[in-house]
Amino acid sequence: MNKQRLITELQSHGLRVVDSPPGAAGRRGGAGPSDHRAITIDGTTVMVPVYTDSAARSPYTLRATAASPLHLEASGEAIAPVDVPNAPKFYGLTTADGIPYSKIALLHGRDVLATTVQQTCMRYRDPATACQFCAIEKSLEAGRTIARKTPAQLAEVAEAAVRLDGVTNMIMTTGTPNTSDRGAAYLTECAAAIRQRVPHLPIQAQCEPPDDFAWFDRMKAAGVDSLGMHLEAVDPEVRARIMPGKAEVPLTVYYQAFEAAVKVFGWGQVSTYLLAGLGDSLETLVEASDRLIQLGVYPFVVPFVPIGETPLAHHPAPSSEFMFALYQRVGALLKQSGMASADMKAGCAKCGACSALSTFEG
């Protein structure tokens, strides 16, 4: 099985973990990637579901034995050697005000620092508005993070992650606050503090479209290098059913925001998540990706992963056949346009570990 197909299969089916392999263990709940852990296959680091119901039934197993190093097995047969990123050194530290660094930010993939600056969302606690797939407050309820990270804390952790673990870029996302800027103001404040402490660390910020697009210029001036505004789903019926609160923000607003953001951050430096498997058809996702690419936005196509204790906990992940066909189509569009995840300065698409899409760009 080639690498593209193996990664696609693993991210659709998940992975059973036998015993406790070394490396960064991943986490449960939170803003994403949730219930995953990072593994490296033939030089490509990917995030694979391991704590989900589907992973418990996966035909793939991660195993290490006395006779052989860490490897993947399918139906009891070894199919590929794998590596896992080491647990980062910065996890062993605490901030000046006594908070463990791992409650401030986490290592994603192999070299990306990620944080949710505000771990609460105005939509989360009301079933009439909550995104059905979201687990943003689960890690907060479990005590694995804090509700609001201060700019000083983020700057302190970012400096240590770069110095101790060679982190190459940083992602800041946020739950949506009940303010018209939709979190852009606080992300701007955090970016400025990080930029002052770690001048050369590329940063991506992620939020819903702010009411005033002037926030894009403010974010850029504060040190944000790339921007993520996540559609997740594009079919109006799917949006209304899966994320009723976010669906109140029309697609037209998102596309206006994308156009404005590209003018500030540059072609290929704005991205959006498209979660395949929520109900959008293959053609709908391909058409949306084409439109986004033409605007200068990278469509980060990711398979939906059902997360425990959410309304979609038992919703099936998309089939690997569906994902492979989608990756082929979107990868061809990216190649035709010359847009590549590697050219993004920072962010989820730059990391690429939650999707196999980057392996289809060439």
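Below, the structure is looked at part by part. (Residues numbered from 1 in each chain as written. Predicted model: local features only at pLDDT ≥ 70, side-chain atom pairs only at ≥ 80, totals over all residues. Heavy atoms only, no water.)

1. Topic: the overall build of the protein
Put simply, the rule reads: For helices the rule is a DSSP run of H or I covering at least 4 residues; for strands it is a run of E covering at least 2, with both sets numbered from the N terminus onward. The globule rule is 2.2 Å times the number of residues to the power 0.38, and the radius of gyration it is compared with is taken over C-alpha atoms. Working definition: with a 1.4 Å probe on protein chains only, accessible area under 20% of the residue-type maximum means buried, over 50% means exposed, and in between means partly exposed. Throughout, a contact is declared for two residues whenever any of their heavy atoms are within 4.5 Å. Computed by Shrake-Rupley with a 1.4 Å probe, the accessible areas treat only the displayed protein chains as cover when residues are assessed. In this tally, Asp and Glu contribute negative charge and Lys and Arg positive charge; neither His nor the terminal groups of the chain are included. Note that the charge is assigned to NZ on lysines, CZ on arginines, CG on aspartates and CD on glutamates.
Of the regular secondary structure elements, the protein holds 11 helices and 13 strands. Whereas a compact globule of 362 residues would reach a radius of gyration of roughly 21 Å, the protein reaches 19 Å, a difference of no more than 12%. Seen along its three principal axes, the alpha-carbon backbone of the protein occupies a region of about 60 × 50 × 40 Å. Across the 362 residues of the protein, 58% fall into the buried class. Taking the contacts inside the protein whose residues are at least 6 apart along the sequence as the reference set, 71% of them involve residues at least 24 apart. Summed over all atoms, the accessible surface of the protein reaches about 14300 Å², with 52% contributed by carbon and sulfur. Counting 32 positive and 36 negative side-chain charges, the protein places the centres of these two groups 3 Å from one another.

2. Comments concerning helix α1 (residues 3-13)
Let me state the cut-off plainly: The term polar contact refers here to a pair of N or O atoms within 3.5 Å; inside protein, the definition further demands a hydrogen-donor-capable atom paired with an acceptor-capable atom, and it admits residues adjacent in sequence only when both atoms are side-chain atoms.
When α1 is considered as a whole, its buried residues turn out to be L6, I7, T8, E9, L10, Q11 and S12. Capping the start of α1, N2 holds a side-chain oxygen 3.3 Å from the backbone nitrogen of Q4, two or three residues further along. G14 lies just past α1 and shows a positive phi near 85°.

3. Things to note about the packing of aromatic side chains
Filter applied, for reference: The rule is short: rings of Phe, Tyr and Trp, with Trp giving its six-membered ring, pair when the centres are within 6.5 Å, and they are stacked under 30 degrees, edge-to-face over 60, tilted in between.
Inspection of every chain in the model, using the stated rule, returns seven aromatic pairs. Between the aromatic rings of Y254 and F258, the centroid separation amounts to 6.2 Å while the plane-to-plane angle is 50°, which identifies the pairing as tilted. Residue Y254 and its partner F258 are located together in helix α8 (residues 251-265), separated by four residues, close to a single helical turn. By relative accessible area, which is 1% here, Y254 ends up buried. A centroid spacing of 5.9 Å and a plane angle of 70° characterise the contact between Y255 and F258, whose relative ring orientation is edge-to-face. In this pair, Y255 and F258 both sit in helix α8, three residues apart, roughly one turn of the helix. Each member of the pair, Y255 as well as F258, carries the same accessibility label: buried.

4. Regarding the environment of R197
Within the secondary structure layout, R197 lies in helix α5 (residues 184-197). Considered as a pair, R197 and V157 are 40 residues apart in the sequence and their alpha carbons are 10.0 Å apart. Leaving out residues up to four positions away in the same chain, R197 has contacts with A155, E156 and E159.

5. Overview of the sheet that holds strand β12 (residues 270-276)
Where we set the bar: Paired strands, as defined in this entry, are two strands with at least two bridges between them according to DSSP. Geometry is summarised by axes, namely lines fitted to C-alpha atoms with helices restricted to the contacting stretch, and by angles between N-to-C directions that run from 0 to 180 degrees.
Taken in spatial order, the seven strands line up as β7-β8-β9-β10-β11-β12-β13 in an open sheet, and their pairing is mixed. If you trace the sheet from one side to the other, it starts and ends with β7 (106-108) and β13 (297-303), each paired once. Direction aside, neighbouring strands of the sheet carry axes that sit 25° apart on average. Here strand β11 (residues 226-228) runs beside β12; their pairing, made up of two bridges, is parallel. Considered in β12, the bridge of G228 is made with S271.

6. Points about the sheet that holds strand β4 (residues 60-63)
With mixed pairing, four strands are arranged side by side in an open sheet as β1-β4-β5-β6. In the strand order of this sheet, the two ends are held by β1 (16-17) and β6 (77-81), each with one partner. Pairing geometry for β1 and β4, over two bridges, is parallel. Counted as the bridge partner of R16 is T61 from β4. Of the strands in this sheet, β4, β5 (71-74) and β6 are in contact with α1, which crosses β4 at around 95°.

7. Details of the pairing of strand β8 (residues 112-116)
Burial analysis of β8 places five of its five residues in the buried class, which makes it a mostly covered element. For β7 and β8, the ladder comprises three bridges, and the chain directions are antiparallel. For L107, the partnering residue across the bridge sits in β8 and is L113. As defined by bridge partners, β8 adjoins strand β9 (residues 169-173) across five bridges and the pair is classed as parallel. Among the inter-strand pairings, A114 is bridged to a residue of β9, identified as I171.

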